[in-house]
Amino acid sequence: MLVYLLFTTAALIIALLIITPIWRLHRRRKQAAKPFPESWHQLLEQRWRLYSRLPDQVRDHLQQQLLVMMAETEFYGCNDLVVTEEMRVLVLAQASLLYGNIIHDHEVDFPCVLLYPDAFVREGAVQDELGLVAEERHILLGESWEQGKVILSWADIERNLAQVDSHHNLVIHEYAHQVDGFDGVMNGTPPLAGRAEFTTWPRVMQSAYDDLCQRIDDGDESFDAYATTNPAEFFAVVSEYFFIQPRRLNEDYPDVYRLLAAFYRREPLAWHRDE
């Protein structure tokens, strides 16, 4: 009897492991096939400058991905913020740039979003080089957790949407961390297994990271110094440049641009050609 129960339980678990991804993919394809709301299209045209520059094929794909993400992403308003449909659309449309071509490679859940009205405070213990521990308060605009949570400041998102020349994009930065963590760890190297075009990833990324660290040490302020914090932040920052200021990334680190173009399967240089 015990053997039968163990066998039955194992069979059910195996069936769930097989059926769940298939059902999820079916559900997402059905959601992506729905008509894209005209109100969302008008909102993105009015509020997100990059949206109108996207090629038709990229925009169509983004719209399909946005339909899926809107159906599956949970939002929580913090500090009394009331999350509206417009907020959700503007956040997830930008995130869709990163997920649009790779989500079917990794059948993962989308992170939930904690949305603050402005910068938020995180308190925690910090240990210095002598081993002394102190409580510190950090004012943050965003965070990305390996447990599937993205924390964002709505005020900063609105600033990003209005900016023309800045490479900063909070949504892209934090969602890049989520993409990085598909393999369970945020270390600057997203899942690349089985893809021969990425054999140069460790060498190219490490070389660019080391070069940027040296540039910052030498007083060069032309590239975001936050990228030198660690390899994970480097990946998130260059992902911002890739989508928002691709020409600058391509000029400074063309090999990094080419790797990201292959990984995200996007060519944003073409989107910004008339700038």
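Below you will find a few notes about this structure.

Strand E2 (residues 112-116) sits mainly inside the fold: five of its five residues count as buried. Two elements, strand E1 (residues 75-77) and E2, share three bridges in a ladder whose sense is parallel. Looking at the pairing, Tyr76 lines up with Leu114 of E2. Looking at chain direction, E2 and strand E6 (residues 149-153) are connected through five bridges and run parallel. Pairing of Val113 across the sheet is with Val150, part of E6.

A word on helix H3 (residues 56-72). Taking 1.5 Å of rise per residue, 17 residues should cover 24 Å, and H3 covers 25 Å from first to last C-alpha, within 8% of that figure. Those residues of H3 that sit buried are Val58, Arg59, Leu62, Gln63, Gln65, Leu66, Leu67, Val68, Met69 and Met70.

The subject of this paragraph is the environment of Val164. Looking at the secondary structure, you find Val164 in the loop between helix H5 (154-162) and helix H6 (170-180). For the pair Val164 and Ile244, spaced 80 residues apart in sequence, the C-alpha separation works out to 9.3 Å.

This part is about the state of the cysteines. Counting across every chain of the model gives zero disulfides. Left without a disulfide partner, Cys78 is nearest to the cysteine sulfur of Cys112, which lies 9.5 Å away.

About the thresholds
- Residues numbered from 1 in each chain as written.
- Predicted model: local features only at pLDDT ≥ 70, side-chain atom pairs only at ≥ 80, totals over all residues.
- Heavy atoms only, no water.
- Buried < 20%, exposed > 50% of the residue type's maximum accessible area, 1.4 Å probe, protein only.
- Helix = DSSP H or I, 4+ residues; strand = E, 2+ residues; numbered from the N terminus.
- Pairing = 2+ DSSP bridges.
- Expected span 1.5 Å × (residues − 1).
- Disulfide = S-S within 2.5 Å.

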